[in-house]
Amino acid sequence: MPQTPEEESLGSLVAQASNHISTLVRSEIELAKAEFRFDAKRVGMAGGLFAAAAFMAHLCLILASFTIAYVLAQWLPQWAAFLIVTVFYLLVAALLVFIGIRRLKGLAGMKRTTRSIKGLKEIATPEESLPAAGPVSRDGA
């Protein structure tokens, strides 16, 4: 015959609570795993779609470059038109490299972290202005 809650011992109640908490934690972990798998699939699919879009945009850039070169070839020799388009892209690439280098030179490093660590070091080490405590004898002398 099952016991009523008033008749159950404290030990059995703690065991039941522990069992319930353990089951709850396992269930939450399984839920988190399922959600993570679902999200990971969505992120992977989105990443693949972004990569495909970037590839298509790159192809469009190449085709637009040929179009511009052929339009310029109406007034210039064909080799000069293609050379102008090529030099334009080289200048844009050089400008992007220059801007990137300037951005890297402007890095501040980890100034705040270094300052914070120095502050912690000062707090952690005893100050030299305090008198050094000698060995303490047990007999009080």
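Presented here is an overview of the structure given in this document. (Residues numbered from 1 in each chain as written. Predicted model: local features only at pLDDT ≥ 70, side-chain atom pairs only at ≥ 80, totals over all residues. Heavy atoms only, no water.)

A few words now on the overall build of the chain. Helix and strand counts for the chain stand at 3 helices and 0 strands. In the chain, the order of α-helices and β-strands from amino to carboxyl end is α-α-α. Looking at the chain residue by residue over its 141 residues, the buried ones come to 4%. Working note: accessible area of the chain is about 13,100 Å², and carbon and sulfur atoms make up 70% of it. (Helix = DSSP H or I, 4+ residues; strand = E, 2+ residues; numbered from the N terminus. Buried < 20%, exposed > 50% of the residue type's maximum accessible area, 1.4 Å probe, protein only. Areas by Shrake-Rupley, 256 points an atom, 1.4 Å probe, with all protein chains shown as cover.)

So, on to the packing of aromatic side chains. This model, assessed by the stated rule, comprises 3 aromatic pairs. With 5.6 Å between their ring centres and 70° between their planes, Phe66 and Phe82 make a pair best called edge-to-face. Residue Phe66 is located in helix H1 (residues 10-72), and its partner Phe82 is located in helix H2 (residues 78-105); the two are separated by 16 residues in the primary sequence. Pairing Tyr70 with Phe82 gives two aromatic rings, centres 5.3 Å apart and planes at 90°, and the pair type is edge-to-face. Placement of the pair is Tyr70 in helix H1 and Phe82 in helix H2, with a sequence separation of 12 residues. For Tyr70, a relative accessible area of 43% translates into the label partly exposed. A relative accessible area of 25% means that Phe82 is categorised as partly exposed. Counting every residue linked through ring pairs, the aromatic cluster contains Phe66, Tyr70 and Phe82. (Phe/Tyr/Trp six-rings, centres within 6.5 Å; stacked < 30°, edge-to-face > 60°.)

On to a nonpolar patch on the surface, then. Together, Phe55, Met56, Leu59, Ile62, Phe66 and Tyr70 give the surface a local cluster of nonpolar side chains, amounting to about 580 Å² of exposed area. Along the chain, Ile62 turns up in helix H1. The class of Ile62 is partly exposed, set by a relative accessible area of 35%. (Patch = residues over 30% accessible without salt bridge, like charges linked within 9 Å, V, L, I, M, F, W, Y side chains within 5 Å. Salt bridge = Lys/Arg side-chain N within 4 Å of Asp/Glu carboxyl O.)

Let's shift gears to H2. The end-to-end C-alpha distance of H2 is 41 Å, a good match for the 40 Å that 28 residues give at a rise of 1.5 Å each. Within H2 the residues assigned to the buried category are Ala80, Ala81 and Val85. Here the buried face of H2 lies against H1. (Expected span 1.5 Å × (residues − 1). Contact = heavy atoms within 4.5 Å.)

Once that is clear, we can look at the side chain of Ser65. Turning to its location among the elements, Ser65 is positioned in helix H1. Classification of Ser65 as buried rests on a relative accessible area of 12%. When residues no more than four places from it in sequence are discounted, the contact partners of Ser65 are Val85 and Tyr89.

Moving on: the pattern of salt bridges. Tallied over the full model, the rule gives 1 salt bridge. Residue Glu30 is joined to Lys33 by a salt bridge in which the shortest nitrogen-to-oxygen separation is 3.8 Å. Linking Glu30 with Lys33, this pair stays in helix H1, spanning 3 residues, or about one helical turn. Overall, the relative accessible area of 43% leaves Glu30 in the partly exposed class.

Before going further, it helps to examine the packing of H1 against H2. It is at 8 Å that the axes of H1 and H2 come closest, and there the two elements cross at 135°. With respect to H2, the axis of H1 lies oblique. Crossing geometry of H1 relative to H2 is assigned as right-handed. On the side of H1, the interface is formed by Leu61, Ser65, Phe66, Ile68, Ala69, Tyr70 and Leu72, while H2 contributes Gln78, Ala81, Phe82, Ile84, Val85 and Tyr89. For the contact of H1 with H2, the per-class residue count stands at 11 nonpolar, 2 polar and no charged. (Axes fitted to C-alpha atoms, helices over the stretch in contact; angles between N-to-C directions. Parallel < 35°, antiparallel > 145°, perpendicular 65-115°, else oblique. Left-handed = near helix turned anticlockwise from the far one by under 90°. Nonpolar A, V, L, I, M, F, W, Y, C, P; charged D, E, K, R; others polar.)

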